[in-house]
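Coordinate analysis (summary)
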Amino acid sequence: IYREDEDEEGEFFADRTITCAEEDGGVVVFNVIYQEYRMWCMLTGTDVKTKRAFTQELERKGFIRPDNPRRMPGYDTVQRVWVGLRMRTPADARV
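Since the structure is predicted, the reported quantities are computational estimates derived from the model, not experimental observations. (Residues numbered from 1 in each chain as written. Predicted model: local features only at pLDDT ≥ 70, side-chain atom pairs only at ≥ 80, totals over all residues. Heavy atoms only, no water.)

**Comments concerning the packing of aromatic side chains**
This model, assessed by the stated rule, comprises 11 aromatic pairs. Measuring from ring centre to ring centre gives 5.2 Å for Phe12 and Phe13, while their planes differ by 70 degrees; the resulting arrangement is edge-to-face. Residue Phe12 shares its accessibility class with Phe13, and that shared class is buried. Where Tyr37 meets Phe54, the ring centres are 4.4 Å apart and the plane angle is 25 degrees; that geometry is what we call stacked. With Tyr37 in helix 2 (residues 30-44) and Phe54 in helix 3 (residues 51-60), this residue pair connects regions lying 17 residues apart in the sequence. Put simply, the rings of Phe12, Phe13, Phe30, Tyr34, Tyr37, Trp40, Phe54 and Phe63 touch in pairs and so form one group of aromatic residues. (Phe/Tyr/Trp six-rings, centres within 6.5 Å; stacked < 30°, edge-to-face > 60°. Buried < 20%, exposed > 50% of the residue type's maximum accessible area, 1.4 Å probe, protein only. Helix = DSSP H or I, 4+ residues; strand = E, 2+ residues; numbered from the N terminus.)

In structure tokens:
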């Protein structure tokens, strides 16, 4: 079944993330990626999915959510993370 919204999320992941192994930096804090997604939706005029629906999209794409939150650099508390992708940085655009 073709779903138009799948293309929209695919565009977000292509524009704003890089798929990579955990040892290559492929860990992202959920609140960070969801905030980036919300901003991307506002810029592109795309409807924002709920956190639950966005989580389901991450699962569908094969990314892994560890059972336990993790300590992450720059955070005072443990964070929910997803493994297998990271956010693009300005340095990635130069590659």
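From this point on, the discussion continues.
**Quick look at the nonpolar core**
If you look at the biggest cluster of nonpolar residues, it comprises 15 residues, and the most contacted ones within it are Phe12, Phe13, Ile33, Phe54, Leu58 and Leu85. Secondary structure elements with two or more residues in this core: helix 1 (4-16), helix 2, helix 3 and strand 4 (85-87). Ranked by the residues each element gives to this core, the list is headed by helix 2, at 6 residues. Contact partners of Phe54, with chain neighbours within four places excluded, come to Phe12, Phe13, Phe30, Ile33, Tyr34, Tyr37 and Lys49. (Core = buried A, V, L, I, M, F, W, Y, C linked by side-chain atoms within 4.5 Å. Contact = heavy atoms within 4.5 Å.)

**Let's talk about the pattern of salt bridges**
The tally for this structure, following the rule as stated, stands at 8 salt bridges. We note a salt bridge from Lys61 to Glu57, for which the minimum N-O separation is 3.5 Å. Judged by relative accessible area, Glu57 falls into the buried class, the value being 3%. Measuring nitrogen to oxygen at the nearest pair gives 3.7 Å for the salt bridge that ties Arg65 to Glu59. (Salt bridge = Lys/Arg side-chain N within 4 Å of Asp/Glu carboxyl O.)

**As for the confidence of the model for the protein chain**
Of the residues in the protein chain, 89% reach a pLDDT of 70 or more, and the chain-wide mean stands at 90. A low-confidence stretch, residues 1-5 stays under pLDDT 50, and its non-local contacts, those more than four residues away or across chains, total 4 contacts. (pLDDT = per-residue confidence, 0-100.)

**Focus: helix 2**
Relative to the 21 Å expected for 15 residues at 1.5 Å per residue, helix 2 spans 21 Å between its end C-alpha atoms, a close match to the ideal helical length. Downstream of helix 2 by a residue or two, Gly45 has a phi angle that is positive, lying close to 75 degrees. (Expected span 1.5 Å × (residues − 1).)

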